[in-house]
Structure formats: structure tokens, C-alpha cells
Amino acid sequence: YDHPNAHRTSNMADRLMRWQDEYLFSRKYFHGTYESAELAIRSWAILRNFQPYCARISGKEKPVSAAEKLNGFRYSDNRLENLLISASMGGYRQ
């Protein structure tokens, strides 16, 4: 509050950062090399992109992930298959 014109964080960003902080805490933060730390946090982020928003959705509506929302479609109903397909060819679609 020392800077009244500064941007404030949103609840959405705070929720993601809370999950990231819990993940890092459970790993005892970073050990080893810089490359291993970068790979660990990148793998966490990729898996988060393919995790459904809410697993308890009832009715006809299916869970939507961040990757599906960005792409506008899903390859398969299995989220791990979607990850595998999206990761092949670096995400390039022909």
C-alpha cells in the first residue's frame, strides 16, 4: 500500500502461486543444479495446464483444462493423452 498506483495481484494469480509454493515446499525447494530446478518447475507447470479445473462437475458438462481452453478443443477425453499429443512436435499443428 506504499504505492497506491501499483497493480494488485488477482485471486487467480494468488491461487496458482499458492499451489506452486506448496509444490516447492514439499520438494524442499531447489536442490541440485539450476537445470534440474528449472525442469522440475516446468514439469509442474505443464501438468497443471492439463489438470481439469474441477473434477466434481456433474451433468453433461465435462471438465475443462487450461490447455483445452487455450486450444479451443480437446484431442481425447484422457488428459494424459492430450498432454502427449500436445507435446509431440512442439505443439505445432499442420
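Scroll up to find the structure this text is about.
Please read these numbers as outputs of a predicted model, since none were measured by experiment.

Focus: the packing of aromatic side chains
Here a ring pair, both rings aromatic, is described through the centre-centre distance and the interplanar angle of the planes.
Here is step 1 of the chain: Counted under the stated rule, the structure contains three aromatic pairs.
Here is step 2 of the chain: Here the guanidinium or amino end of Lys28 rests over the ring plane of Phe25, the centre of that ring lying 5.5 Å away.

Some remarks on helix α1 (residues 11–26)
Here is step 1 of the chain: With 16 residues, α1 should reach 22 Å at 1.5 Å per residue; the first-to-last C-alpha distance of 23 Å fits that figure.
Here is step 2 of the chain: Note on α1: the residue one or two positions beyond its end, Lys28, has a positive phi of about 60°.

Considerations on the environment of Ala67
Here is step 1 of the chain: Among the secondary structure elements, Ala67 is positioned in helix α3 (residues 66–71).
Here is step 2 of the chain: The class for Ala67 is buried, based on a relative accessible area of 11%.
Here is step 3 of the chain: C-alpha separation for the pair Ala67 and Ser86, spaced 19 residues apart in sequence, amounts to 9.0 Å.
Here is step 4 of the chain: Those residues in contact with Ala67 that lie beyond four places of it in its chain are Asn49 and Phe50.

What to know about the side chain of Gln20
Here is step 1 of the chain: Tracing the sequence through the fold places Gln20 in helix α1.
Here is step 2 of the chain: For Gln20, a relative accessible area of 17% puts it in the buried group.
Here is step 3 of the chain: Beyond its immediate stretch of four places on either side in the chain, Gln20 contacts Ile41 and Trp44.

Let's talk about the packing of helix α2 (residues 34–50) against helix α4 (residues 79–87)
Here is step 1 of the chain: Packing of α2 against α4 leaves a shortest axis separation of 9 Å and a crossing angle of 120°. If you check the angle between α2 and α4, you find them oblique. At the point where α2 passes α4, the crossing takes the right-handed sense. Seen from α2, the contacting residues are Ile46, Leu47 and Phe50; seen from α4, they are Arg79, Asn82, Leu83 and Ser86.

Notes on the side chain of Asn82
Here is step 1 of the chain: Inspection of the secondary structure assignment puts Asn82 in helix α4.
Here is step 2 of the chain: Polar contacts involving the side chain of Asn82 include one to the main-chain amide nitrogen of Ser76, which spans 2.8 Å.
Here is step 3 of the chain: With residues near it in sequence (within four places) discarded, Asn82 still touches Phe50, Arg74, Tyr75 and Ser76.

Section: α4
Here is step 1 of the chain: All of the buried residues in α4 are Asn82, Leu83 and Ser86. Buried residues along α4 cover an arc of 100° about the axis, so they all sit on one side. Away from its buried face, by an angle of more than 90 degrees, α4 presents the exposed residues Leu80 and Leu84.
Here is step 2 of the chain: Along its buried surface, α4 packs onto α2 and α3.
Here is step 3 of the chain: The backbone nitrogen of Leu80 lies 2.9 Å from a side-chain oxygen of the residue at the head of α4, namely Asn78.

Calculation notes
Starting from 1, residues in each chain are numbered consecutively following that chain's sequence as written. Given that this is a predicted model, residues contribute local features only at a pLDDT of at least 70 and side-chain atom pairs are listed and counted only at 80 or more, while totals for whole chains, interfaces and linings are drawn from all residues. The basis for the side-chain values is all heavy atoms of the structure; hydrogens and waters are excluded. When the centres of two rings from Phe, Tyr and Trp lie within 6.5 Å, Trp using its six-membered ring, the rings pair. Their planes under 30 degrees apart give stacked, over 60 give edge-to-face, and anything left gives tilted. The rule for a charge over a ring is simple: NZ of Lys or CZ of Arg within 6 Å of the ring centre, and within 35 degrees of the ring normal. Helix and strand definitions here come from DSSP, where helices need a minimum of 4 consecutive H or I residues and strands a minimum of 2 consecutive E residues; each element is numbered from the N-terminal end. One less than the residue count of a helix, multiplied by 1.5 Å, gives the span that helix is expected to have. Only protein chains enter the accessibility calculation, which uses a 1.4 Å probe; a residue is then buried when its area is under 20% of its type maximum, exposed when over 50%, and partly exposed in between. Contacts are residue-level and defined by heavy atoms, with any inter-residue pair within 4.5 Å sufficient. Axis geometry follows a simple rule: fit a line to the C-alpha atoms, using only the stretch in contact for helices, then measure angles between N-to-C directions, giving values from 0 to 180 degrees. Just so you know how the angles are binned, under 35 degrees is roughly parallel, over 145 roughly antiparallel, 65 to 115 roughly perpendicular, and the rest oblique. Each crossing gets its hand from how the near helix is turned against the far one by less than a right angle, where anticlockwise is left-handed and clockwise is right-handed. Side-chain atoms alone can form a polar contact between residues adjacent in sequence; in general such a contact is a pair of N or O atoms within 3.5 Å, and within protein one must be able to donate a hydrogen while the other accepts it. When we speak of the arc, we mean the arc of directions from the helix axis to the C-beta atoms.

Any link to function would need more than the numbers given here.
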